[in-house]
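Each chain, letter by letter, is given below.
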Amino acid sequence: MSKTYKIAVLVGSLRKDSYNRKVALELAKLAPASLQLEIVEIGDLPFYNEDLDNGTPPQAWQTFRNNIKNADGVLFLTPEYNRSVPAALKNALDVASRPYGQSAWDGKPAAVISVSIGAIGGFGANHHLRQSLVFLNTPCMAQPETYIGNIGSAFDDSGKLNERTAQFLQTIINEYSKWVEKILA
Ligand code: FNR
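Computed from a predicted structure; not experimentally measured. (Residues numbered from 1 in each chain as written. Predicted model: local features only at pLDDT ≥ 70, side-chain atom pairs only at ≥ 80, totals over all residues. Heavy atoms only, no water.)

A.B. asks: Outline the layout of surface pockets, supporting the account with residue identities and numerical values.
C.D. replies: Reported here for the largest pocket is a volume of approximately 300 Å³. As for the largest pocket, its lining consists of 14 residues, of which Ser97, Arg98, Ser103, Phe135 and Leu136 are closest to the centre. Looking at the lining of the largest pocket, the elements with two or more residues in it are helix H4 (87-96) and helix H5 (123-135). Per-element tally for the lining of the largest pocket: the top contributor is H4, with 3 residues. Counted by class, the lining of the largest pocket contains 5 nonpolar, 4 polar and 5 charged residues. (1 Å grid on protein atoms, 1.4 Å probe; cavity = no way out; pocket = protein on both sides within 12 Å on 5 of 7 lines; lining within 4 Å. Points joined across faces, edges and corners; volume = space filled by probe spheres on them. Helix = DSSP H or I, 4+ residues; strand = E, 2+ residues; numbered from the N terminus. Nonpolar A, V, L, I, M, F, W, Y, C, P; charged D, E, K, R; others polar.)

A.B. asks: Mind laying out the nonpolar core, listing which residues take part and the relevant values?
C.D. replies: Val23, Leu27, Leu35, Leu37, Leu75, Leu77 and Tyr176 are the most contacted members of the largest nonpolar core, which totals 28 residues. Counting residues per element, the ones that place at least two in this core are strand E1 (5-11), helix H1 (19-30), strand E2 (35-39), strand E3 (73-78), strand E4 (110-115) and helix H6 (163-184). Residue contributions to this core peak at 7 residues, all from H6. If we skip the residues at most four places from it in the chain, Leu27 touches Leu37, Leu75, Leu77, Ile113, Leu169 and Ile173. In this structure, Val40, Phe64, Val85 and Ala92 belong to the second largest nonpolar core, which totals 26 residues. (Core = buried A, V, L, I, M, F, W, Y, C linked by side-chain atoms within 4.5 Å. Buried < 20%, exposed > 50% of the residue type's maximum accessible area, 1.4 Å probe, protein only. Contact = heavy atoms within 4.5 Å.)

A.B. asks: A description of the site of the ligand should follow, citing residues and the corresponding values.
C.D. replies: If you check the shell around the ligand, you find Ser13, Arg15, Ser18, Tyr19, Asn20, Pro79, Glu80, Tyr81, Asn82, Arg83, Ser116 and Ile117 and nothing else. Within the backbone of Arg83, a nitrogen or oxygen atom sits 2.8 Å from an oxygen atom of the ligand. Within the side chain of Ser116, an N or O atom sits 2.8 Å from an oxygen atom of the ligand. Bound to the protein, the ligand loses 72% of the 620 Å² it would expose on its own. Of the residues in the shell around the ligand, the class split is 4 nonpolar, 5 polar and 3 charged. (Near = heavy atom within 4 Å. Polar contact = N/O pair within 3.5 Å; in protein donor to acceptor, adjacent residues only side chain to side chain. Areas by Shrake-Rupley, 256 points an atom, 1.4 Å probe, with all protein chains shown as cover.)

A.B. asks: How would you explain the sheet that holds E4 if you had to name every residue and give the values?
C.D. replies: Taking strand neighbours across the sheet as the criterion, the 5 strands line up as E2-E1-E3-E4-E5 in an open arrangement whose pairing is parallel. Two strands lie at the open edges of the sheet, namely E2 and strand E5 (146-148), each paired on one side alone. On average, each strand axis in the sheet is tilted by 20° relative to the strand beside it, whichever way the strands run. Judged from the 5 bridges that link them, E3 and E4 form a sheet pairing that is parallel. In the strand pairing of E4, Thr78 is matched with Ser114. Across the face of the sheet, H5 comes into contact with E3, E4 and E5 while running at roughly 160° to E4. (Pairing = 2+ DSSP bridges. Axes fitted to C-alpha atoms, helices over the stretch in contact; angles between N-to-C directions.)

A.B. asks: Could you give an account of the pairing of E1, with specific residues and numbers?
C.D. replies: With 6 of 7 residues buried, E1 is to be regarded as a mostly interior element. Pairing between E1 and E2: 5 bridges, direction parallel. Its bridge partner lying in E2, Tyr5 is registered against Leu35. Since E1 and E2 lie parallel, the crossover through H1 that links them has a hand, and here it is right-handed. Two elements, E1 and E3, share 5 bridges in a ladder whose sense is parallel. The residue of E3 that forms the bridge with Val9 is Leu75. (Right-handed = clockwise from strand over helix to strand, strands pointing away.)

A.B. asks: Let's hear about helix H3 (residues 59-69): which residues, and what values?
C.D. replies: Listed in full, the buried residues belonging to H3 are Trp61, Phe64, Arg65 and Ile68. Here the buried residues of H3 occupy an arc of 100° about the axis, which is enough to place them on one side. Elements that come into contact with the buried residues of H3 comprise E1, helix H2 (50-53) and H4. (Arc of directions from axis to C-beta.)

Listed below in structure tokens is the structure:
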């Protein structure tokens, strides 16, 4: 029987009606049987402070670090805030990168999807995030690149995603599945 990989999904937006979260949920529905997607929440993580790692780190950090360590791969969905990554997502990266030498991100096959109401599709955030992933030794799928712009018009009033975007997401998640299998083979 073929293996099912556990994928931690990180959503960079904390708002209830986040488009990034909606796209994450669509991806979870479209994912092939080889992937099991689960959102790992990042909104309650205290800001990273190295002093706290020299004592007893906050429980929320420890739980988060374990969730990432227990995942086979990581899928990032991020809005763009001021041409970069939202602070909550950068904080999550920092938290699970420490204590020094115990990074939870090391070697996890990743993909970055940026989702924006704007036309550029979060290009700046997407590439700032990739920059951190290079340092964290988190092999990130290079192609297809995924910048989803004008997301406000992709869902209808009933919350249904249009066919064109759904097909694009299907391609992305299928390619990511291949990427996970390739990296973890
Ligand atoms: C934004 N937004 C935004 N959009 C963009 O394309 N480029 C940008 O640099 C910014 N900057 C920015 C800063 C801040 C502080 C906010 C709150 C918003 C708009 C952003 O893409 C939009 O709010 C998305 O809908 C956010 O994603 P969620 O929350 O819908 O997932």
